[in-house]
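A structural walkthrough
The chain contents come next:
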Amino acid sequence: MSVAVAELATRSRVHYLNESYGVKSWLLTTDHKRIAILYMVSITFMFLVGACAAALMRIQLLEPAGAIVQPETYNKLFSIHGIIMVWFFLIPSIPAVLGNFLIPMMIGARDVAFPKLNLLSWYIYIIGACFILYTLIYGGVDTGWTFYTPYSSTYSNSHVFGAAAGVFIVGFSSILTGLNFIVTVHKMRAPGMTWFRLPLFIWSLYATSIVLVLATPVLAITLSLMAMERFLHIGIFNPAIGGDPLLFQHLFWFYSHPAVYIMVLPAMGVISELVAAYSRRRVYGYAFVAFSSFAIALIAFLVWGHHMFVSGQSVYAGMVFSALSFLVAIPSGIKVFNWTATLYKGSNSYDAPMLYALGFLGLFTMGGLTGLFLASLSIDVHLHDTYFVIAHFHYIMVGGSVMAYMGGLHYWWPKMTGRLYPDKWARFAAFTIFIGFNLTFFPQYILGYLGMLRRYAVYPAQFQALNVLSSAGASILGVGYFIPLVYLIWSMRYGREAGPNPWRAKGLEWETASPPPRENFEETPIVTEEAYAYPTRPRAVRV
Amino acid sequence: MSESAITQAGRPILEEHFETLPAQEEARKLGMWVFLITEILFFGGLFATYTVYRELYLPGFTQGSHFIEVKWGAINTAVLIVSSLTMALAIRSVQVGKRKGTTLGLLGITMLLGVVFLCIKFILEWRVDYLHHHVPGINFDYAGPHAAHVKLFFLFYFYMTGLHAIHVIVGIGILLALSYLTWRGRFSPKYYSPIEVAGLYWHFVDIIWIFLFPLLYLIGGR
Amino acid sequence: MIQVFNFGIATAASLFFPLHPPAASTIAPQVDYLYYFLTAFTLFFTFLIFAFIFYFMVKYRRRSEDEVPEEVKVSIPLELTWTLIPTAICALIFFWGSSLFFRNARPPANSMEVFVVGKQWMWQLQHANGAREINELHVPLNVPVKLTMTSEDVIHDFFVPAFRVKEDVLPGRYTSIWFQATKLGSFMFECAQMCGAFHSSMHGEVIVMKPDDFAHWLATNAPSQTMSSAGGQLFSQLGCASCHQEDSSGKYPQLAGIYGHQVTLRNGARATVDEGFLRSAIVNPNSEPVAGYSVSMPSFQGQINEVQLLDLIAYIKTLGAARKEAAIQ
């Protein structure tokens with residue numbers, strides 16, 4: 001009886017989802033939580049478009065001569081897949097969805113520092129996405145997501161301008177999001193929330209925001225110069241009319257290598273939260289994990305040349321970039337070891353988000369270590385532009401970032417919607433994704449060393465067996481992503497009431513109702529303890 | 001939260017998600033600084049590209065630089081520096097609570113100088129460049145030595161000064177809006193962060209020009 | 001020790017599946033050793049992490065909802081251990097990979113030269129005696145071969161998996177790679193840099209022959225003209241000879257013997273006259289003017305294609321050789 005009354009009370013309680021209704025109340029909202037939901041819907045849509053392109057690619061590669069499309073179409077498929085997945089899914093995924101939702105809540109604030117700017121950045125994202133979809137509908141772009149000159153600026157007959165404009169525009173969305181987060185973390189922390197009481201998620205996103213703000217403008221300039229060469233026929237990057245094609249690559253990777261860390265640093269933040277919550281302990285080596293984020297953000301700016309080992313750059317430049325690339329592996333390693341050590345003598349549960357986190361640990365380790373192959377000069381000469389590279393960065397981007405995004409989404413889903421999803425299905429999906437992922441991408445490592453090149457619409461027949469294996473894995477992976485889409489939507493209506501803290505986790509976001517009220521907290525919280533202050537027993541004394 | 005009661009000209013000045021007015025003011029200032037850092041990298045990409053090509057194609061860039069008038073660049077530098085001074089004075093005026101008219105006058109002079117800058121840029125420089133067939137992609141005709149590199153120089157000249165001019169136009173727009181709010185009496189010694197933040201932006205635009213002037217006008221080997 | 005271990009893995013694995021392409025150059029086995037070492041290292045650490053996770057997850061699984069775990073006490077020595085050991089291993093791999101790369105960066109002086117021009121979507125290859133091939137490259141066994149490469153249009157990339165060599169082929173400049181084939185047979189080469197619609201069809205075969213067979217092949221395929229004699233013809237056709245002829249006026253640079261020498265540029269810098277220098281001196285003569293000559297030369301950009309450019313350069317190189325021989329005599 002009293003339970004029913006309590007439930008009725010939660011339902012009639014006013015929270016951010018039911019305080020107002022109608023399209024306008026969403027499209028003009030300045031609430032960071034609603035903006036997070038807007039982002040979630042938009043990036044899920046873009047993810048589906050990018051995933052369709054990937055599916056078609058995997059079907060094409062079932063046969064050496066190409067199963068379904070002409071090489072020209074295939075080029076457009078991988079280009080749109082890359083552009084959408086990088087700029088319209090991975091970069092905004094964790095920062096713009098989970099970050100937007102959680103940063104103010106984790107630090108005890110009512111909103112981000114500039115709520116209107118936050119909404120503006122979503123609109124900018126949408127405008128950028130419209131350019132990309134326009135490009136896609138009116139014939140696509142075939143340069144690959146890297147837009148290498150002079151192919152993009154002179155030779156390609158596809159819609160390079162539309163795609164470049166979309167990427168140029170969405171960059172400003174990233175910049176504004178990063179700016180907002182930096183100011184929010186600096187100026188909006190609740191009383192008592194000192195820097196070393198911040199959850200590690202905040203540290204990672206803070207480091208990410210710095211990279212966003214510093215790197216993205218360079219991409220904008222680079223793409224605008226490329227577009228100018230295309231339109232005005234002035235030799236900026238095309239040597240036939242007096243430019244330098246390598247300069248484009250330098251500028252592009254000066255942004256795009258840090259962009260890799262824009263995609264993976266937030267994932268590391270999510271993993272810290274998940275590991276702590278499901279082992280009910282403080283993350284081992286908090287300070288080491290926090291500062292390694294900054295080490296990564298810093299070194300990220302110094303390693304772009306490792307994308308150009310075979311581009312005709314000098315031997316000495318190659319060696320310097322190689323050494324720095326090895327250096328960037330160290331802080332990532334430190335993080336993995338610290339997370340693993342957190343599990344030691346923890347109280348570890350097998351909830352679905354934890355399974356995603358464990359999947360991340362394994363796949364990220366594998367992806368990171370295979371990065372050492374590519375940082376090593378003489379091996380990179382052989383592996384550059386082969387499927388080994390594809391496998392490596394998918395282990396980081398999909399095995400790492402997407403796993404973390406899925407884990408984070410499951411972990412905070414009850415907070416966002418007030419509902420629980422069916423845990424068995426969630427665990428099943430996590431396993432399916434893990435298995436499908438490995439089946440898809442592990443064979444690609446072998447393919448790469450054998451000499452199968454990326455961006456190949458047709459390929460030598462001896463590579464068929466491994467390609468078929470990879471495509472089979474991709475279909476399992478596709479099913480794995482489809483299941484959560486179904487049960488998460490289902491849970492919004494039919495899921496059990498979650499209550500404020502279904503996982504008994506620590507953190508300010510769990511101290512308020514689910515879903516939270518518009519202003520997040522009934523009254524401003526005062527922080528008196530460190531992050532992850534789970535009840536623990538003292539260490540057993542060895543005799 | 002008694003401070004949320006502070007209103008100016010009938011509107012609350014403390015946004016509801018901030019606890020205190022100083023917190024809000026500090027957030028705005030920090031926000032502008034972060035934005036300016038982004039801007040530095042934005043122009044920085046261009047400066048870096050310019051530097052690389054100047055190194056590679058020095059003769060062409062020297063040649064190109066001879067076609068633009070140092071005179072106008074120098075006058076424009078002076079115009080912008082004076083406008084920065086009047087901007088700073090406008091902030092000072094609202095800080096110490098001088099009459100509304102003083103602040104408005106100073107903002108007005110700042111904007112006027114911005115317009116003078118743009119007039120010199122567009123009418124006395126760009127128009128003449130156009131007449132001399134020095135606009136790459138639109139009207140370019142130069143047959144002397146290093147033609148491709150002179151063209152590249154002019155591309156950078158127009159891109160960099162054009163991007164800067166867009167910033168000046170945006171700055172004038174912001175100052176126009178702030179003048180209106182000043183006229184409506186929104187600002188006081190207690191609350192003036194929008195003007196201060198706009199000032200930061202204006203000075204930044206000025207500093208960019210201080211770099212553009214020598215890069216484009218002066219190091220032409222004169 | 002490591003090599004034996006690597007060899008073990010490689011043979012065990014290749015019983016089921018080829019794990020590496022044929023190793024048919026002098027560099028290939030060295031790259032493979034490092035590759036298998038890294039593979040072993042990667043698998044070891046991945047399984048190690050998996051094993052730890054698995055063990056901790058089972059041993060320290062949550063047994064009751066109210067269970068209280070042990071507190072975290074960070075051990076600085078442990079943190080240092082897992083920072084410094086990976087750093088040391090990374091340093092080792094860096095030195096191994098870089099020294100291998102560095103040792104093989106320069107082609108041996110006695111390399112046989114082949115010139116490669118990539119264009120959408122084919123490879124044109126030319127031997128010094130003028131023999132031309134399309135999407136095929138005949139080379140002798142156990143002889144170092146240096147490829148000097150350029151592109152007519154976009155960026156391509158010349159990749160021979162069996163030789164473990166790859167380098168971008170850029171428009172407007174020369175890049176080079178070299179290899180020494182150690183196995184007879186034919187090995188595929190591919191374009192590795194996305195270059196347009198038929199990028200994936202831009203491949204061909206390197207055919208490694210016994211030196212005698214190769215000499216025979218070269219002789220039967222030799223055209224009437226070698227590269228340098230074709231270049232010599234161009235030299236007079238294009239009117240180069242009118243200025244760069246042997247004369248004593250000193251108004252124009254003399255080309256005999258200039259290849260491989262250093263010159264002083266007008267801006268005071270020194271430059272070595274190599275293929276790249278000659279190329280830019282022909283297509284873009286005023287970019288790096290040589291000190292002491294005031295007359296500017298017209299650009300030949302757009303008037304000759306990459307193949308003709310290579311012929312011209314080959315000719316200019318022989319001018320040097322002729323003078324050297326003369327000097328010796």
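Please refer to the structure placed before this passage.
What comes next is a walk through the structure. Bear in mind that the values here come from a model prediction, so they are computed numbers and not experimental data.

Bringing the sheet that holds strand S3 (residues 132–134) of chain C into the picture now. Residue and element names in this part refer to chain C. Judged by pairing direction, the sheet is mixed, and its five strands sit side by side in the order S3-S2-S1-S5-S8 without closing on themselves. Edge positions in the sheet fall to S3 and strand S8 (175–180), since each has one partner strand and no second. Within this sheet the neighbouring strands show an average axis-to-axis angle of 25 degrees, counted without direction. Taken together, the six bridges between strand S5 (residues 144–151) and S8 define a ladder with antiparallel strand orientation. Residue pairing for S8: Met149 is matched across the bridge by Thr175.

A few words now on the pattern of salt bridges. Counted by the stated rule, this structure contains 24 salt bridges over all chains. Residues Glu26 of chain B and Lys187 of chain A are paired through a salt bridge, measuring 2.9 Å at the closest nitrogen-oxygen approach. Here Glu26 of chain B is found in helix H1 (residues 21–56), whereas its partner Lys187 of chain A is found in helix H7 (residues 160–187) on a different chain. By relative accessible area, Glu26 of chain B is classed as partly exposed at 39%. Overall, the relative accessible area of 28% leaves Lys187 of chain A in the partly exposed class. Among the ionic pairs, Glu65 of chain C bridges to Arg280 of chain A, the shortest N-O distance being 2.8 Å. Within this pair, whereas Glu65 of chain C is found in the loop between helix H2 (28–59) and helix H3 (76–103), its partner Arg280 of chain A is found in the loop between helix H9 (245–279) and helix H10 (286–300), the two belonging to separate chains. The network of salt bridges with shared partners includes Asp31, Lys33, Asp111 and Arg518 of chain A.

In this complex, chain A contributes 39 residues to the contact, which on the side of chain B involves 34 residues. Ranking the residues of chain A by area buried against chain B places Arg110, Lys187 and Ile221 of chain A at the top, with a combined share of 21%. For the pair chain A and chain B, the number of links is two salt bridges. The residue Arg110 of chain A makes a salt bridge to Glu19 of chain B at a minimum N-O spacing of 2.7 Å. Where chain A packs against chain B, one counts 10 residue pairs in polar contact (both at pLDDT 80 or more). Elements that contribute at least two residues to the side of chain A that touches chain B include exactly helix H5 (115–137), H7, helix H8 (200–232) and H9 of chain A. Considering every element that reaches the side of chain A that touches chain B, the biggest residue donor is H8 of chain A, with 10 residues. Among the residues making up the side of chain A that touches chain B, the classes are represented as 26 nonpolar, seven polar and six charged.

This paragraph deals with the packing of H7 of chain A against H1 of chain B. Taken N-terminus to C-terminus, the directions of H7 of chain A and H1 of chain B make an angle of 140 degrees; their axes are 9 Å apart at the nearest point. The orientation of H7 of chain A relative to H1 of chain B falls into the category oblique. Considering how the two elements wind past one another, H7 of chain A and H1 of chain B form a crossing that is right-handed. Mapping the contact onto sequence places Phe172, Ile175, Leu179, Ile182, Val183, His186 and Lys187 of chain A in H7 of chain A and Glu26, Ala27, Leu30, Gly31, Val34, Phe35, Thr38 and Phe42 of chain B in H1 of chain B.

Moving on, we get to the nonpolar core. With 328 residues, the main nonpolar core has Trp87 and Phe147 of chain A together with Phe158 and Phe163 of chain C as its most contacted residues. Broken down by element, the residue count for this core peaks at 23 residues, all from helix H4 (residues 71–107) of chain A. Residue contacts for Phe158 of chain C: discarding those within four places in its chain leaves Val116, Trp123, Leu125, Leu147, Met149, Val165, Lys166, Glu167, Val169, Ile177, Phe189 and Glu190 of chain C. Judged by nonpolar contacts, the second largest core, of 27 residues, contains Phe235, Ile258, Leu278 and Phe300 of chain C.

Looking now at the packing of aromatic side chains. This structure, assessed with the given rule, holds 95 aromatic pairs over all chains. On the basis of an interplanar angle of 10 degrees and a centroid distance of 3.4 Å, the ring pair of Tyr449 of chain A and Tyr35 of chain C is categorised as stacked. Here Tyr35 of chain C lies in helix H2 and Tyr449 of chain A lies in helix H15 (residues 423–450), a pairing that spans two chains. Under the relative-accessibility criterion, Tyr449 of chain A is labelled buried at 0%. A residue is classified by how much of its surface remains accessible, and Tyr35 of chain C, at 7% relative accessible area, is buried. The ring of Trp26 of chain A has Arg34 of chain A lying over it, and the distance from NZ or CZ to the ring centre is 4.2 Å.

Reading the values: rules and limits
- Residues numbered from 1 in each chain as written.
- Chains lettered and ligands numbered in written order.
- Predicted model: local features only at pLDDT ≥ 70, side-chain atom pairs only at ≥ 80, totals over all residues.
- Heavy atoms only, no water.
- Pairing = 2+ DSSP bridges.
- Helix = DSSP H or I, 4+ residues; strand = E, 2+ residues; numbered from the N terminus.
- Axes fitted to C-alpha atoms, helices over the stretch in contact; angles between N-to-C directions.
- Salt bridge = Lys/Arg side-chain N within 4 Å of Asp/Glu carboxyl O.
- Buried < 20%, exposed > 50% of the residue type's maximum accessible area, 1.4 Å probe, protein only.
- Contact = heavy atoms within 4.5 Å.
- Buried area = accessible area lost by both parts, 1.4 Å probe.
- Polar contact = N/O pair within 3.5 Å; in protein donor to acceptor, adjacent residues only side chain to side chain.
- Nonpolar A, V, L, I, M, F, W, Y, C, P; charged D, E, K, R; others polar.
- Parallel < 35°, antiparallel > 145°, perpendicular 65-115°, else oblique.
- Left-handed = near helix turned anticlockwise from the far one by under 90°.
- Core = buried A, V, L, I, M, F, W, Y, C linked by side-chain atoms within 4.5 Å.
- Phe/Tyr/Trp six-rings, centres within 6.5 Å; stacked < 30°, edge-to-face > 60°.
- Lys NZ or Arg CZ within 6 Å of the ring centre and 35° of its normal.

Shape is all these values report; function is a separate question.
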